[in-house]
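Structural description and commentary
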Amino acid sequence: MNARAEPTPAPDRRDPSACAHCGLPAPPPEGDAPAFCCSGCRAVYHMMRDVGLDDFYRLRDRLGEAPAGRPVDDEPGDYAHFDDADFQARFAPDGQSVELHLDGVHCAACVWVMDQLPRVAPGVTEARLDFGRERLHLRWDPERTRLSQVAAVLRGLGYAPSPVGVEAERARRAAGRGELIRIGAMAAVAGNAMMVAAALYAGAFSGMEARFERFFEWVSLILAVPAVTYGAWPFYRGAWSGLRMRVAHIDLPIALGIGAGFLASLWATLTGAGEVYYDSVTALVFLLLVGRFVQTRGQRAALGRAELLAAMTPGSAWRLEGGAWVRVPAGSVRVGDRVRVRSGETAPVDGRVVTGHGHFDQSMLTGESRPVPAGPGDSVFAGTVSVGEVLEVEALASGAETRLGRLVELIERAEAERPPLVQLVDRISGAFVVTVVLLAIAGGVWWWFHEPSRVFDVVVSMLVVSCPCALGLATPLALAVARGRAAGAGVLLRNTAAIERLARIRRVWFDKTGTLTAGRMQVTRAWLPAEWRPAVGILERGSTHLIARAVAAWAGGEGVATDVVETPGRGIEGVVDGHRVRVGGADAGERFAAQLADVLAAGETPVAVHVDGRPVGLIALGDRVRDDSAEAVARLRAMGLQVGLLSGDHPAVARSVGDALGLEDALGGHTPEDKARVVAEGGAAAMVGDGFNDAAALRAAAVGVAVHGGAEVAMHVADVYLDRPGPLAVVDAIEGARRTLTVVRRNLVFSLCYNAVFATLALTGHVSPLAAAILMPISSLSVVASSTLGRTFRRPRA
């Protein structure tokens, strides 16, 4: 055992009366020894020092993190630890680029704000926000600024940054708890304010003494103060951030409407002239907070690069150390190490076979449905599954450097790109916000010169009645309702934006294996006497090969084979009922030459059967086309869509499936990278797949669809997941998306007409603030009713 130098104790920068491990109060230590609150903390502390992990305490103190039980200093701008060498070595290895999680990202306007960051933060050269995952890809010039200074600017704009990883997860959880607390408090405030308002409304119709009316107005004012300060703070922050960046943030008219409504009510309360609508203000704040919370919750489900790699590669590997095989973390394997891959195990690295012969199932990576033989000198890829003998592999790449890791990076890069439709919606939203504010100002100026006493009422009425709630709800609410109905119909959507993209596609690309076909090897036809079929099944049951399993399931048979020998690439041989039976290879003799040529032309796998040295039969295996594939293709074409096949399988196999379904575009032999390129070049195209080999294409497509029974990672990266088998589910999903878009258009037309009519009435002085407060929720409720009653996704018939 190698001797290890005694680790240097970590400097203790904390209160000497606190536990050195957890930070809780502890009895005074003896002498200079560290204090511990219990024997458990003492044991863990010394154990971490003994194994060389005492840097944990040093790094913790250096980063300024308080241990459990101690408060964390979270003052704005306190990001000095971002410049620490250890911090940057972990999160910004090149010293000029980093990926940060931002708390406070909630709408497309936040993307605009981050686009302007290089203009307001000197030294920042690039800022690109991944809206869906709330991650900022930041690049800065170390000679002009420090990362801590950039972080302080972000904090000042209302976006608290944290490094992606454990700290980001902790920040997300804390933000989620804060949002729930804010919503709960505003629910109580709005409920009480509306009860008080009910008394005022009743008094307006039946009569109420002035002193009671004044009393209820003051109670409403007290209830409204926390709503327009604490509750509405996120909207003020968003509006202020937009103003600082010279961007028309969608929160701007909301903040102005809330502020104007409250100030108008406050003026009426103080002067006794005019109406009060504290209930509308508090209810508006509560409903906006709820809508924002639901929206942001759906944005945090995407997997990052590390999670994707962990999902597809094993957590440990068998590495050769000193002549013995030792199980080690897969991440510790380095180039040149020898690793062992047994039958049924997943390769942890990219490498080259040193010893052994076997096969690798690469269907998850390349789409090839048949196992690929592997022997000395052949390449092995991380994420593929060994079938056959034990293999010894020399590692050539590991982790993010493997082919699998590069595919994951491609997936993330495609995910971070904003489609043109989103950018168009951004511009329209910005124009709407600016228009509302300018009209309110113009109306106020006009009335100031004609009838100054009505200025405040007109401006407040304009901002309240033209509040973008109805217009803002028109699309997201319809999509949210449709998303819920889609789930009931077996169509699970990553986010509501996938519905719009799915409704606008012009082409559908299908992967072959598991989508248009059954997704498993099976016997398609056979030329074999019935008397030898049980013997074939008995012999094949002794093999773990995928083809052998398919043949055994087809042949059946009861009994035991003896003297069994399996030769990679040649099949299996043994004695069954006194006869020597060999199953494997394609050499079936002249007797089956015509059948063999037919099998190979169809792209199927031939398996010859020999008994006592003579050929007696030929078995063909393939991936059978699903019964409902032809109907699905016909229905898609009837909808005006182009349909194509994009597979990693052999071109002859892909062509045979394409011919069976009448597809002109049936492309085979495509790597995952090729698939992503073809799909990206196709414009408004959907990609339907079920394996990790389809993941890059699923992300590169306008919308990715993962089918029932597919790989877990494909489900995570896809926009749509179908929980029932068959391509007909794809057809139903597209039809439902198109019906949803019809509901969205109806909502938008209503919202625009509402804003045009009532904004005009408000500017001409025909709508009072009280009427505006009533009309505003009525318009929103109309959109709610339209979205709820719309027939979008339907349950499939039994």
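Look above for the structure.
Residues numbered from 1 in each chain as written. Predicted model: local features only at pLDDT ≥ 70, side-chain atom pairs only at ≥ 80, totals over all residues. Heavy atoms only, no water.

This part covers the packing of aromatic side chains. Summed over the entire model, instances satisfying the criterion amount to four aromatic pairs. Seen in terms of ring centroids, Tyr754 and Phe758 are 5.2 Å apart; in terms of plane orientation they differ by 45°. Their pairing is tilted. Separated by four residues within a single helix, Tyr754 and Phe758 lie in helix α27 (residues 728-763), roughly one turn from each other. The ring of Tyr230 carries Arg182 above its face, with NZ or CZ at 4.6 Å from the centroid. The ring of Trp318 is capped by Arg340, whose NZ or CZ atom sits 5.0 Å from the centre of that ring. (Phe/Tyr/Trp six-rings, centres within 6.5 Å; stacked < 30°, edge-to-face > 60°. Helix = DSSP H or I, 4+ residues; strand = E, 2+ residues; numbered from the N terminus. Lys NZ or Arg CZ within 6 Å of the ring centre and 35° of its normal.)

Look at helix α9 (residues 233-244): 16 Å from first C-alpha to last across twelve residues, which is about the 16 Å you get at 1.5 Å a residue. Those residues of α9 that sit buried are Pro234, Phe235, Gly238, Ala239, Ser241 and Gly242. With its buried residues spanning 160° around the axis, α9 presents them on a single face. (Expected span 1.5 Å × (residues − 1). Buried < 20%, exposed > 50% of the residue type's maximum accessible area, 1.4 Å probe, protein only. Arc of directions from axis to C-beta.)

On to the sheet that holds strand β22 (residues 642-646). Read from one edge of the open sheet, seven strands run β14-β26-β25-β24-β15-β22-β23, paired in mixed fashion. Of all strands in the sheet, those with a lone pairing partner are β14 (491-493) and β23 (665-667), marking the two edges. Taken over all neighbouring pairs, the strand axes of this sheet differ in orientation by 20° on average, direction set aside. Bridge count between β14 and strand β26 (residues 720-722): three bridges; the pairing is antiparallel. For Val491, the partnering residue across the bridge sits in β26 and is Leu722. Along the sheet face, helix α23 (residues 651-661) touches β22 and β23 and points at about 155° away from the line of β23. Helix α24 (residues 672-681) rests against β15 (507-510), β22 and β24 (685-689) of the sheet, and its axis sits at about 165° to β22. (Pairing = 2+ DSSP bridges. Axes fitted to C-alpha atoms, helices over the stretch in contact; angles between N-to-C directions. Contact = heavy atoms within 4.5 Å.)

Attention now goes to the pairing of strand β1 (residues 97-103). For β1, the buried fraction is high: five of the seven residues fall into the buried class. Strand direction decides the pairing type here: β1 and strand β3 (residues 135-140), joined by five bridges, are antiparallel. Each bridged residue has a counterpart across the sheet, and for Leu100 the counterpart in β3 is Leu136. In the sheet, β1 pairs with strand β4 (residues 160-163) via four bridges, with the strands oriented antiparallel. Residue pairing in the sheet places Asp103 in a bridge with Ala160 of β4.

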